[in-house]
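Commentary on secondary and tertiary structure
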Amino acid sequence: MSENPFLAVALALLLVPLVLVAFLPPAAGGPVLPAVPSWPTYTVQFGDTLGGIARATGVPVEYLIASNDLDPSRLRPGQQLLIPTGGVVHTVKAGQTLADIARSYGVSESALRLANNLSGEPAPGSRILVPAPVVVPQATAAALGRGPAFAWPVRGEISSPFGSRIHPIYRVPSFHAGIDLAVPEGTRVCAAAPGRVVTAGWEGGFGLLVVLDHGDGYTTYYGHLSRVLVQVGQFVEIGEVIALSGNTGLSTGPHLHFEVRRDGVAVDPLSLLP
Ligand SMILES: [Zn+2]
């Protein structure tokens, strides 16, 4: 081992806790921004893979994806990746409370406060560290970066597409406002985009239903569920498990009815899914 003092200083600097706290002046009239921790970044090189970066940095792949709102299939050279240390770096969304974030990652609110030196609510757009998350909600191949980012709520065959059809129970021409995804009962249903739970319970023909409001006029519907795992008012992350699929309501077999509405009008989910 060399006795080079510069190397020793460099090593000592590296060991300084990476969460350096910088205070930003409060925006005029806006919320007071909390302490903003900063994290090192890495520039993606030609030939890099997410797995390789994960191994080199010691950061789990799912932490890298969640911290960078990353579409793993679109890793490009030159892209700047934030390298989180000690957990996931979460970007706070408008309307998302600390309690919501705690629920999304299965951690306590006090752990979030402690790790981020927070007393009030974090400002939308700010980044906070989620230390040692129990779950990391993430969208697989979400259409991140182009328009509203929607992810598949479950993976399954489309047993009934969007549009006109003969109603499977009433046997009359009718309009199918969503798509049916054939999945076994009890399949985990994930939020197709971040948003607030506005319905979580029994709703006529939908059976057990969850509705999420994503803002910008977009809502998503998840019908015929067997179990609801969220509550009205809760803000859920994209990819967060919100329910278990089922066969409740007007349903002819186990499936998930998935619907996207824009300004209250049903649109074909396939036009928005990756
Ligand atoms: Zn349906």
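What you see is a predicted model; the values in this text were computed from it and never measured. (Residues numbered from 1 in each chain as written. Predicted model: local features only at pLDDT ≥ 70, side-chain atom pairs only at ≥ 80, totals over all residues. Heavy atoms only, no water.)

1. What about the packing of helix 2 (residues 50-57) against helix 3 (residues 61-68)?
The N-to-C vectors of helix 2 and helix 3 enclose an angle of 105°; their axes lie 9 Å apart at closest approach. When the interaxial angle is binned, helix 2 and helix 3 end up roughly perpendicular. Listed contacts from helix 3 to Leu50, Gly51, Ile53 and Ala54 of helix 2 are Val61, Leu64 and Ile65. Partitioning the contact of helix 2 with helix 3 into residue classes produces six nonpolar, one polar and no charged. (Axes fitted to C-alpha atoms, helices over the stretch in contact; angles between N-to-C directions. Helix = DSSP H or I, 4+ residues; strand = E, 2+ residues; numbered from the N terminus. Parallel < 35°, antiparallel > 145°, perpendicular 65-115°, else oblique. Contact = heavy atoms within 4.5 Å. Nonpolar A, V, L, I, M, F, W, Y, C, P; charged D, E, K, R; others polar.)

2. Quick look at the pairing of strand 8 (residues 163-166)
Where strand 8 lies against strand 9 (residues 173-176), four bridges are found, and the strand directions are antiparallel. Opposite Arg165, over in strand 9, you have Ser174 as the bridge partner. Connecting strand 8 to the antiparallel partner strand 9 that follows it, the hairpin turn spans six residues, and Arg171 within it adopts a positive phi of roughly 60°. (Pairing = 2+ DSSP bridges.)

3. Points about the environment of Glu203
With respect to the helices, strands and loops of the structure, Glu203 is situated in the loop between strand 12 (195-202) and strand 13 (208-215). It is 8.1 Å that separates the C-alpha atoms of Glu203 and Gly249, two residues lying 46 residues apart in sequence.

4. Structural notes on the pattern of salt bridges
All told, the structure shown has six salt bridges when counted by the stated rule. Across the pair Arg103 and Asp100 runs a salt bridge, and its minimum N-O distance is 3.2 Å. One end of the pair, Arg103, and the other, Asp100, are both in helix 4 (residues 98-105), three residues apart, so they sit about a helical turn from each other. Across the pair Arg196 and Asp100 runs a salt bridge whose closest N-O atoms are separated by 3.9 Å. (Salt bridge = Lys/Arg side-chain N within 4 Å of Asp/Glu carboxyl O.)

5. Regarding the environment of Arg103
By relative accessible area, which is 42% here, Arg103 ends up partly exposed. Taking the C-alpha atoms as reference, Arg103 lies 9.6 Å from Glu237; in sequence the two are 134 residues apart. Beyond its immediate chain neighbours, meaning those up to four positions away, Arg103 contacts Gln234 and Glu240. (Buried < 20%, exposed > 50% of the residue type's maximum accessible area, 1.4 Å probe, protein only.)

6. Things to note about the side chain of Gln234
By the secondary structure assignment, Gln234 is in the loop between strand 15 (227-228) and strand 16 (235-236). Look at Gln234 and you get buried, because its relative accessible area is 6%. At 3.0 Å, the side chain of Gln234 forms a polar contact with the backbone nitrogen of Gln231. Non-local contacts of Gln234, meaning those with residues more than four positions away in its chain, are made with Asp100, Arg103, Gly195, Arg196, Val197 and Glu240. (Polar contact = N/O pair within 3.5 Å; in protein donor to acceptor, adjacent residues only side chain to side chain.)

7. Observations regarding the nonpolar core
If you look at the biggest cluster of nonpolar residues, it comprises 26 residues, and the most contacted ones within it are Tyr222, Ile242, Leu256 and Phe258. When near neighbours in sequence (up to four residues on either side) are disregarded, Ile242 contacts Val189, Cys190, Ala191, Val210, Leu212, Tyr222, Val228, Leu229, Val230 and Val236. Core analysis: the next-biggest nonpolar cluster, separate from the first, contains 24 residues, Leu64, Val88, Ile101 and Val130 among them. (Core = buried A, V, L, I, M, F, W, Y, C linked by side-chain atoms within 4.5 Å.)

8. What to know about the coordination of the zinc ion
For a metal with four donors in a tetrahedral arrangement, the ideal angle between donors is 109.5 degrees, while six donors in an octahedron ideally sit at 90 or 180 degrees. Listed as protein donors to the zinc ion are His176 (NE2), Asp180 (OD) and His257 (ND1); their distances from the metal cover 2.0 to 2.2 Å. The class for His257 is buried, based on a relative accessible area of 6%. (Donors = N, O, S within 2.8 Å, 3.2 Å for Na, K, Ca; no water.)

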